[in-house]
Amino acid sequence: MNGARPQNRSFPVEEFLQALTAQLDRAQDALALKVSGTNRPLTWALRDLKLDLNVFVEVGDNGRVMLRSAGPNEAGASTLHLDLTTVTRPMVEENSWSFQGDDDDPRSLDDLQVGKLDDDSRRKLDWLGVRTVSQLKQLDPGAVQQVFGIPAMRLQAALAAAARPTVLGHEMVESDDGEALVRIRGVNLIGGAAPEVHLDGQPVEVLEATPRHLLVRALGKDQPGGEVEVFTRGQRVTLNGGGGGGPTPPRSAAR
Amino acid sequence: MSAPPRPWLSLRPLAEVLSAVTGPLPLEAGGAAAGARVTVSTLDVDLPLEMRIGDGAELRASLPRGRMATGFDLPLGRLVAHFDVTEGGVR
């Protein structure tokens, strides 16, 4: 009877604790969202949490301490008593290294088309609070491999993919003197030589270039330019399949 | 004929259980019309829970689904949580 009941798996204790704290972060985020998403000025803030879990504590072949949930009618389980409390932002900042802001590269790790991380690595990075490419760049692959078991080569492949130039979108803007321009958004758009831009196959003048955006002369007032091609770092980059959004109607340029 | 219920399938992530428990609770009551206003300052919950460490080491839980425990139910754990009430969801 009940042959469909799944066999409980064992998990390393540190994985369980990381997953648990990530869950509590998500719970708090959901509570905060209720304030911003509704007109309620107040919300609950989780301060302390105690858990009593029925588990079997095992030691794996490699010496890792593993936890397995006790199943129905299983005798001899241990009770794991966990006591968690809130760590405030100032305490975190005081006691850990901080990531730089997201100004550098705000793309989600999921947006990396090449060198995609597998689910397990992605989950472990999520526990670390690493969700953007910018945060990924701050990591030391060797140290992450040692502590979290994510292969350094996999991280390096993801970092190499993240370093490639990418076009995320483009939009029509207008200069102060009414000239039609196109602003191209992306990452790693310059490197060494000045980039070259083609709109609908025609080369256009690049007026301004930073790693995150290019400002180019438009083909016409209402011509955002169809296909955008950027030639930079020896590569040809185009906006792929609507990722990051297509052109938007003209608006005043705020360079 | 339907299959027998499999309770472990309806365990939910702990974050969802916490949201489900606190979500419906009022944070304040009354106002000028009532002549008084009452605001909750803290909340303590002490719950027996069915819990299981699931895929990805995620803790999944459910409130006990019946007054009578059977040998086919997961053993109950316990969760004690203390919540403060804050403005604007500031941690």
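Residues numbered from 1 in each chain as written. Chains lettered and ligands numbered in written order. Predicted model: local features only at pLDDT ≥ 70, side-chain atom pairs only at ≥ 80, totals over all residues. Heavy atoms only, no water.

Draft legend 1. View of the sheet that holds strand β11 (residues 228–232) of chain A. Residue and element names in this part refer to chain A. Spatially, β8-β7-β11-β12 is the arrangement adopted by the four strands of the open sheet, whose pairing is antiparallel. The open sheet is flanked by β8 (202–204) and β12 (235–238), the only strands paired with a single partner. Going from strand to strand, the sheet's axes swing by 30° on average, the running direction of each strand aside. As paired elements, β11 and β12 share four bridges and run antiparallel to each other. Of the residues in β12, the one forming a bridge with E229 is T238. (Pairing = 2+ DSSP bridges. Helix = DSSP H or I, 4+ residues; strand = E, 2+ residues; numbered from the N terminus. Axes fitted to C-alpha atoms, helices over the stretch in contact; angles between N-to-C directions.)

Draft legend 2. Focus on the pairing of strand β5 (residues 59–62) of chain B. All names here are of chain B. With two bridges connecting them, strand β1 (residues 12–13) and β5 associate as antiparallel partners. Following the sheet pairing, P13 is matched in β5 by R60. Bridge count for strand β4 (residues 42–53) against β5 is four bridges, and the pairing is antiparallel. Note that in β5 the partner of I53 across the bridge is L59. Between β4 and β5, which follow one another and run antiparallel, lie five residues, and G56 among them has a positive phi close to 70°.

Draft legend 3. Quick peek at the interface of chain A and chain B. Between chain A and chain B, the contact holds 48 residues from the first and 47 residues from the second. Across the interface of chain A and chain B, roughly 4,200 Å² is buried in total on both sides, 61% from carbon and sulfur atoms. Of all residues in chain A, Q23, L42 and W44 of chain A bury the most surface against chain B, accounting for 19% of the area lost on that side. Counting the contacts that link chain A with chain B gives two salt bridges. (Contact = heavy atoms within 4.5 Å. Buried area = accessible area lost by both parts, 1.4 Å probe. Salt bridge = Lys/Arg side-chain N within 4 Å of Asp/Glu carboxyl O.)

Draft legend 4. Structural context of the packing of aromatic side chains. Counted under the stated rule, the structure contains one aromatic pair over all chains. Ring centres 6.5 Å apart and planes at 70° place the aromatic pair W44 of chain A and F83 of chain B in the edge-to-face group. Placement of the pair is W44 of chain A in strand β2 (residues 42–59) and F83 of chain B in strand β6 (residues 76–87), with the two residues belonging to separate chains. For F83 of chain B, a relative accessible area of 2% puts it in the buried group. (Phe/Tyr/Trp six-rings, centres within 6.5 Å; stacked < 30°, edge-to-face > 60°. Buried < 20%, exposed > 50% of the residue type's maximum accessible area, 1.4 Å probe, protein only.)

Draft legend 5. Region of the structure containing the packing of helix α5 (residues 141–148) of chain A against helix α6 (residues 152–162) of chain A. All names here are of chain A. Here α5 crosses α6 at 140°, and the two axes come no closer than 8 Å. Here α5 lies oblique to α6, going by the angle between them. Considering how the two elements wind past one another, α5 and α6 form a crossing that is right-handed. Residues P141, G142, V144 and Q145 of α5 lie in contact with α6, whose contacting residues are A152, L155, Q156 and L159. Residues of the contact of α5 with α6, tallied by class, amount to five nonpolar, three polar and no charged. (Parallel < 35°, antiparallel > 145°, perpendicular 65-115°, else oblique. Left-handed = near helix turned anticlockwise from the far one by under 90°. Nonpolar A, V, L, I, M, F, W, Y, C, P; charged D, E, K, R; others polar.)

Draft legend 6. Summary view of the sheet that holds strand β6 (residues 180–187) of chain A. Residues and elements named next belong to chain A. The four strands are arranged β5-β6-β10-β9 in an open sheet whose pairing can be described as antiparallel. The open sheet has two edge strands, β5 (166–174) and β9 (206–209), and neither has a second partner. Taking each pair of neighbouring strands and ignoring which way they run, the sheet shows an average axis angle of 20°. In the sheet, β5 pairs with β6 via eight bridges, with the strands oriented antiparallel. Looking at β6, one finds that M172 is bridged to V182.

Draft legend 7. Representation of α5 of chain A in the model. Residue and element names in this part refer to chain A. Residues of α5 that are buried include every one of P141, V144 and F148, and no others. The arc that holds every buried residue of α5, seen down its axis, measures 60°, which confines them to one face. Exposed and facing more than 90 degrees away from the buried side of α5 are Q146 and V147. Sitting at the head of α5, D140 places a side-chain oxygen 3.0 Å from the backbone nitrogen of G142. Trailing α5 by a residue or two, G149 shows a phi angle of about 75°, which is positive. (Arc of directions from axis to C-beta. Polar contact = N/O pair within 3.5 Å; in protein donor to acceptor, adjacent residues only side chain to side chain.)

Draft legend 8. Local environment of α6 of chain A. Residues of α6 of chain A that are buried include every one of A152, L155, A158, A161 and A162 of chain A, and no others. Each element contacted by the buried residues of α6 of chain A is listed here: α3 (119–128), α4 (133–137) and α5 of chain A.

Draft legend 9. View of the nonpolar core. Counting residues in hydrophobic clusters, the biggest one holds 37 residues, and the most contacted among them are L14, L59, L79 and F83 of chain B. Those elements that provide at least two residues to this core are α1 (13–37), β2 and β4 (78–85) of chain A together with α1 (14–22), β4, β5 and β6 of chain B. Ignoring sequence-local partners within four residues, the contact set of L59 of chain B consists of F16, L20, Q23, L51 and L53 of chain A together with R12, P13, L14, M51, R52 and I53 of chain B. (Core = buried A, V, L, I, M, F, W, Y, C linked by side-chain atoms within 4.5 Å.)

Draft legend 10. Spatial organisation of the pattern of salt bridges. Scanning all chains against the criterion turns up 15 salt bridges over all chains. The partner of R68 of chain A in a salt bridge is E74 of chain A, and the shortest N-O contact between them spans 3.3 Å. The class of R68 of chain A is buried, set by a relative accessible area of 14%. E28 of chain B serves as the salt-bridge partner of R37 of chain B, at 2.3 Å between the closest nitrogen and oxygen. You can call R37 of chain B exposed: its relative accessible area is 53%. One connected set of salt bridges, linked through shared partners, spans R26 of chain A together with E58 and R60 of chain B.

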